[in-house]
Amino acid sequence: MVEVLDARKQQVLEKGKDAYALVCEKPSTAGSVSQRACVFCGSRVVLYPIADALHLIHGPIGCAAYTWELRGSLSSGPELHRLSFSTDLREKEVIYGGEQKLYASLSELIPAYKPNAAFVYCTCIIGLIGDDVEAVCARVQKEQGIPVLPVHSEGFKGTKKDGYKAACEAAFSLMGKDELSPVSPFSINILGEFNLAGETWIIKDYYRRMGIEVTACLTGDGRVAELGKAHRARLNVVQCSGSMTYLAKMMQETYGIPFIRVSYFGIEDMTQALYEVAEFFQDPRILHQTQELVREEVSRLLPGLGKYRKALEGKKAAVYVGGAFKAFSMVKALRHIGMETVVAGSQTGSPEDYEYLKAITQDGTIILDDTNPLELSGFILEKGADLLIGGVKERPIAYKMGIGFCDHNHERKEALAGYRGMLNFAQEVYASVRSPVWKYAPARQAAAAKAAVPAKALRPRAEPGVLG
Ligand code: SF4
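Now for a look at the structure at hand. (Residues numbered from 1 in each chain as written. Predicted model: local features only at pLDDT ≥ 70, side-chain atom pairs only at ≥ 80, totals over all residues.)

## Here we look at the sheet that holds strand β5 (residues 148-151)
Pairing in this open sheet of four strands is parallel, and the strands run β3-β2-β4-β5 from one edge to the other. The two strands at the open ends of the sheet, each matched to only one other strand, are β3 (85-86) and β5. Here four bridges tie strand β4 (residues 117-122) to β5, and the two strands are oriented parallel to one another. Paired with Phe119 across the two strands is Leu149, which belongs to β5. The strands touched by helix α1 (residues 39-47) within the sheet are β2 (53-58), β4 and β5, with β4 carrying the most contacts at an inclination of about 165°. Along the sheet, helix α3 (residues 99-113) contacts β2, β3, β4 and β5; its crossing angle with β2, the most-contacted strand, is approximately 160°. (Pairing = 2+ DSSP bridges. Helix = DSSP H or I, 4+ residues; strand = E, 2+ residues; numbered from the N terminus. Contact = placed C-beta atoms within 7 Å. Axes fitted to C-alpha atoms, helices over the stretch in contact; angles between N-to-C directions.)

What follows is the structure, given as structure tokens:
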């Protein structure tokens, strides 16, 4: 029986047993050790892939840890986003204010690196000492001649989702600047795609083959100039809905651009994403090219997938990711390789998201909102999962329990989007779940000893590879 804190009881349910609607979208419970990151981290995740902008973290140096080098957002050109600048505030600035240091930092960095825009991220301490960041940014913008944008991402002022909002507001203020450069009548913006391990390039290539122009990608392999003309695209295609639906709604209200929500993970969702865009344009040529593309990609993918399905049939998975939309795709993608999801949850899901997650999972599946490591590992053990899909904070949980792990977060170095990404996903899951290493994990050995059955007599949880 997994122990759940009283204050969290309604944020966990078992499908088929518990009839209540999952409680979500609330601040984390004190003492629960949430897996969520802070508001500032939410902003940084969204804006950092803009590769020709300067990203300056206004706060103590500790906030600037966990930089690009731990993340996989690639650029085809400038790589200024890989540098993590900080005003490195200390006791003196906490007492007397950090505005001078911010002004000095921007005045030194902008001429040195020549960015096309600068983002200034406000951290907790800025909210406390009350620096007038707007005024400093406005002054530097006037002096240096580039947009200098405050990002109000003080860590304490909400959840990671509030950080997404602050980032959307900053990105939005860069739009509407370019009315002249040509934009195709068959043009889209991709929102919430961060070019992890080059995934934006895979998706852009699909759209190119369909005859669709990608005006701007927010923010994978992003450029300031692209954002300036994004308001002239015909459709916004929102991939990471948790982070970018807010921006899509602002663009709809201001520029009249409709939006759709899609996912580029797994065969069904990838295909549906392409067809929905094709159908939006109502152009027979685009529809035909989409059909050709899907036929070609799926027929190339399926034979390769079959052998992994054979090796993974009957294995169980736990999925815990940032946004619930990705969890939906994972449940479906895992079925393609013979695996059922027994635990599924997210950091920032909405009531509608969890209803849908319930609808697509089997009875007995545990659904969790804003979980913590103790709960998560308890349910993984209770349900006998062989794999955990998550991010950098979930990786050690899996390894400590001696089960396979697949990184599906911003740190991943393997492209998992698109049809090619589905094959990479199957390969990665296979390599981890079937690795012989897990039988040597202390958790497995302890479980074997506790069961008081000779370890040799137990069916190993992770068998050696069978693909030869
Ligand atoms: S919670 Fe505050 S102090 Fe901590 S990393 Fe976030 S912004 Fe910085």
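We are not done yet, so read on.
## With respect to the pairing of strand β12 (residues 366-369)
Both faces of β12 are covered, namely the face carrying Ile366 and Leu368 and the face carrying Ile367 and Asp369. The pairing of strand β1 (residues 12-14) with β12 spans three bridges and is antiparallel. Among the inter-strand pairings, Leu13 is bridged to a residue of β12, identified as Ile367. In this structure, strand β11 (residues 340-346) lies alongside β12, joined through four bridges in parallel fashion. Counterpart to Ser346 in the pairing with β12 is Asp369. The β-α-β motif built from β11, the intervening helix α13 (residues 351-360) and the parallel element β12 has right-handed crossover chirality. (Buried ≥ 20, exposed ≤ 12 C-beta atoms within 10 Å, placed from the backbone. Right-handed = clockwise from strand over helix to strand, strands pointing away.)

## Topic: the site of the ligand
Around the ligand, the neighbouring residues are Cys38, Phe40, Gly59, Cys63, Thr123, Cys124 and Gly155. Of the residues belonging to the shell around the ligand, the class tally is four nonpolar, three polar and no charged. (Near = placed C-beta within 6 Å. Nonpolar A, V, L, I, M, F, W, Y, C, P; charged D, E, K, R; others polar.)

## Let's talk about the environment of Ser263
Mapped onto the elements, Ser263 comes out in the loop between β9 (259-261) and α10 (267-281). Taking the C-alpha atoms as reference points, Ser263 and Phe325, separated by 62 residues in sequence, lie 7.2 Å from one another.

## So, the sheet that holds strand β6 (residues 187-193)
The strands making up a sheet associate through backbone hydrogen bonding, with each pair oriented either parallel or antiparallel. Pairing is parallel across the open sheet formed by four strands, whose spatial order is β7-β6-β8-β9. Each end of this open sheet is capped by a strand with a single partner; those strands are β7 (213-219) and β9. Each adjacent strand pair in this sheet contributes to an overall mean axis angle of 20°, direction not counted. Sheet analysis places β6 next to strand β8 (residues 235-238), joined by four bridges and oriented parallel. Residue Ile188 lies in a different strand from β8, and its bridge partner there is Leu235. Contacts from helix α7 (residues 199-210) reach β6 and β7, with the element oriented near 155° to β6.

## Comments concerning the pairing of strand β13 (residues 387-390)
Of the two faces of β13, both are covered, the one formed by Leu387 and Ile389 as well as the one formed by Leu388 and Gly390. One ladder, built from three bridges, connects strand β10 (residues 316-321) with β13; its direction is parallel. Residue Ala317 lies in a different strand from β13, and its bridge partner there is Leu387. As paired elements, β13 and strand β14 (residues 404-407) share four bridges and run parallel to each other. Opposite Gly390, over in β14, you have Asp407 as the bridge partner. Between the parallel pair β13 and β14, the chain is carried across by helix α15 (residues 395-401), and the sense of this crossover is right-handed.

## Regarding the environment of Lys310
Mapped onto the secondary structure, Lys310 falls in helix α11 (residues 284-312). The class of Lys310 is partly exposed, set by 13 C-beta atoms lying within 10 Å. Through-space distance from the C-alpha of Lys310 to that of Ile337 is 7.7 Å; in sequence the pair is 27 residues apart.

## A few points about the nonpolar core
As a rule of thumb, nonpolar side chains are buried together in soluble globular proteins. Ranked by internal contacts, the top residues of the largest apolar core, which has 139 residues, are Ala118, Phe119, Val120, Val151, Val319 and Leu388. Broken down by element, the residue count for this core peaks at eight residues, all from helix α12 (residues 324-336). Val151 has contacts with Ser43, Leu47, Phe119, Val120, Tyr121, Cys122, Ala166, Ala167 and Ala170, leaving out every residue within four places of it along the chain. (Core = buried A, V, L, I, M, F, W, Y, C linked by C-beta atoms within 7 Å.)

## Things to note about unusual backbone geometry
Cis rather than trans, the peptide bond between Leu218 and Thr219 has omega equal to 5°. Along the chain, Thr219 falls in strand β7. The phi angle at Asp88 is positive, at roughly 50°, despite the residue not being glycine. With respect to the helices, strands and loops of the structure, Asp88 is situated in the loop between β3 and α2 (91-96). Its identity as a non-glycine residue notwithstanding, Gln282 has a phi of 50°, on the positive side. Residue Gln282 is classed as exposed on the basis of its C-beta count, with 8 C-beta atoms lying within 10 Å.

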